[in-house]
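# What the coordinates show
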Amino acid sequence: MYSFRSSPYPGQDSLQRVIIFGDMGKAERDGSNEYSNYQPGSLNTTDQLIWDVKNIDIVFHIGDITYSNGYISQWDQFTAQVEPIASTVPYMIASGNHERDWPGTGSFYDTPDSGGECGVLAETMFYVPAENRAKFWYSTDYGMFHFCIADTEHDWREGSEQYKFIEDCLASADRRKQPWLIFAAHRVLGYSSDKWYGLEGSFEEPMGRESLQKLWKKYKVDIAFFGHVHNYERTCPIYQNQCVNSERSHYSGIVNGTIHVVVGGGGSHLSEFSSVTPSWSLYRDYDFGFVKLTAFNLSSLLFEYKKSSDGKVYDSFTISRDYKDVLACVHDGCEAITLAT
């Protein structure tokens, strides 16, 4: 016998708890070998969520879902693993390179990472409210949250179809009723001090944030989440590589920068950090884990990063503010005007 609770209506002022992570995959419970032991932390993450499922309202798994590489049996294994979660609360997904990418099929990256799945399995197994599910970007509401989910395996740069969607999605949030505006995508379109990104020199997916950061600023996005990099990292509220707030554990008042969070430690093999720690990086953890957001009401949000090994909180902060703080003009956060206008 299964049971579930219907979602709160958009803007409903009630306790709402959101789980976000990426890159989990699956593993064997019977002690048998998984190929390359590629997702060693996935069972711990799954079990922590199952154990706490009564205190969870919705889950976002932001890409690199099963690492099936074209083998349908691997999807069966994964869906059986997450069934106690996905049969109880909404299990929302985003598209990653291991779901979509294949040469010559229209993916932004010409790699064979999906094993020939080309996104078909992901868009068939899980429902998302996308206008075209082959283009895996969508917006969704959950009570006081408004989510804009991007698809990093299609072009997101300014002038693209997806860029227009992202701006429309961010602009459509009624911040009086849905104060918590969340952006999420698989590859790091924001900030990460991953070793490979460090070698690239920009601490991001190449061409990642150049087009998008002005949208995050204009529409005052609270938090941007990313996977792909298999570790945990949190930045300060940031704009154009500069911290705009010196606080570390509590943020209040005007929204003048977006906090970027890499939460790709769901279960796949871990990614090393760069030997350089940028000034905007407040917390880094080379371990498996996930994030829990708790909205208590329209003006109070709790962020917690938990390790999958024990479910304990290792990083956290709170946000407190009023609607007037979202309306306030900040640098590059309001329409440009001149004396002529």
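It should be noted that the structure appears before, not after, this text.
Summarised in this report is the structure supplied together with it.

Cut-off values and rules
Residues numbered from 1 in each chain as written. Predicted model: local features only at pLDDT ≥ 70, side-chain atom pairs only at ≥ 80, totals over all residues. Heavy atoms only, no water. Helix = DSSP H or I, 4+ residues; strand = E, 2+ residues; numbered from the N terminus. Rg over C-alpha atoms; globule rule 2.2 N^0.38 Å. Buried < 20%, exposed > 50% of the residue type's maximum accessible area, 1.4 Å probe, protein only. Contact = heavy atoms within 4.5 Å. Areas by Shrake-Rupley, 256 points an atom, 1.4 Å probe, with all protein chains shown as cover. Lys, Arg positive; Asp, Glu negative; His and termini not counted. Charge placed at Lys NZ, Arg CZ, Asp CG, Glu CD. Disulfide = S-S within 2.5 Å. Pairing = 2+ DSSP bridges. Axes fitted to C-alpha atoms, helices over the stretch in contact; angles between N-to-C directions. Phe/Tyr/Trp six-rings, centres within 6.5 Å; stacked < 30°, edge-to-face > 60°. Lys NZ or Arg CZ within 6 Å of the ring centre and 35° of its normal. Core = buried A, V, L, I, M, F, W, Y, C linked by side-chain atoms within 4.5 Å. Polar contact = N/O pair within 3.5 Å; in protein donor to acceptor, adjacent residues only side chain to side chain. Salt bridge = Lys/Arg side-chain N within 4 Å of Asp/Glu carboxyl O.

### Considerations on the overall build of the chain
Along the chain, the regular secondary structure elements total 8 helices and 15 strands. Taken over C-alpha atoms, the radius of gyration comes to 19 Å for the chain, in line with the 20 Å a tight globule of 341 residues would show. Along the first, second and third principal axes, the C-alpha set of the chain runs to 70 × 45 × 40 Å. When each of the 341 residues of the chain is scored for burial, the buried share is 56%. Partitioning the intrachain contacts of the chain with sequence separation of at least 6 by distance along the chain shows that 71% fall at a separation of at least 24. Accessible surface, the chain: about 14,400 Å² in total, of which carbon and sulfur atoms supply 51%. Of the side-chain charges in the chain, 29 are positive and 45 negative, and the distance between the mean point of each set is 6 Å.

### Quick word on the state of the cysteines
On inspection of all chains with the given rule, the structure shows 2 disulfides. Between Cys 148 and Cys 169 runs a disulfide, and the two sulfur atoms are separated by 2.1 Å. With the S-S bond torsion at -100°, the cross-link from Cys 148 to Cys 169 turns out left-handed. Of this pair, Cys 148 sits in strand E5 (residues 145–149) while Cys 169 sits in helix H5 (residues 161–171), and the two are 21 residues apart along the sequence. Of the two residues, Cys 148 and Cys 169, neither departs from the other in class, the shared state being buried. With a sulfur-sulfur separation of 2.0 Å, Cys 236 is cross-linked through a disulfide to Cys 243. Here Cys 236 and Cys 243 share a disulfide; its torsion about the S-S bond, -85°, makes the bridge left-handed. The buried category is assigned to Cys 236, whose relative accessible area is 1%.

### Points about the sheet that holds strand E1 (residues 16–21)
Strand order across the open sheet formed by 7 strands is E3-E2-E1-E13-E14-E15-E10, with mixed pairing between neighbours. Of all the strands in the sheet, the pair left with one neighbour each is strand E3 (91–94) and strand E10 (250–252). Sheet twist, expressed as the average angle between the axes of neighbouring strands with direction ignored, equals 15°. Looking at chain direction, E1 and strand E13 (residues 289–297) are connected through 5 bridges and run antiparallel. By the bridge assignment for E13, Arg 17 is matched with Thr 294. Running at roughly 130° to E3, helix H2 (residues 72–86) makes contact with strand E2 (58–62) and E3 of the sheet.

### Some points on the packing of aromatic side chains
What the rule picks out here adds up to 18 aromatic pairs. Ring pairs connect the aromatic residues Phe 225, Tyr 251, Phe 303 and Phe 317, which therefore count as one cluster. Over the ring of Tyr 109 we find Arg 187; its NZ or CZ atom is 3.5 Å from the centre of that ring. The residue whose ring lies beneath Lys 217 is Tyr 239, and the NZ or CZ to ring-centre distance is 4.7 Å.

### Here's the deal with the nonpolar core
Membership of the largest hydrophobic core comes to 58 residues, with the highest contact counts inside it found for Phe 60, Tyr 91, Phe 225, Leu 293 and Phe 303. The contact partners of Phe 303, leaving out residues within four places of it in the chain, are Ile 223, Phe 225, Tyr 232, Arg 234, Val 261, Val 291, Lys 292, Leu 293, Asp 315, Ser 316 and Phe 317. Formed by 26 residues, the second largest nonpolar core is a distinct cluster that contains Phe 165, Ala 173, Trp 216 and Val 229.

### Observations concerning the environment of His 250
As for its position among the elements, His 250 is in strand E10. A relative accessible area of 32% means that His 250 is categorised as partly exposed. The contacts of His 250, once residues within four sequence positions are left out, are Thr 318 and Ser 320. Only 2.5 Å separates the side chain of His 250 from the side chain of Thr 318, close enough to count as a polar contact.

### Regarding the pattern of salt bridges
In this structure the tally under the stated criterion is 20 salt bridges. Across the salt bridge formed by Lys 164 and Asp 168, the nearest N and O atoms sit 2.9 Å from each other. Of this pair, Lys 164 and Asp 168 both sit in helix H5, 4 residues apart, roughly one helical turn. Sharing partners across several salt bridges, the network here consists of Asp 101, Glu 153, Arg 187 and Glu 205.

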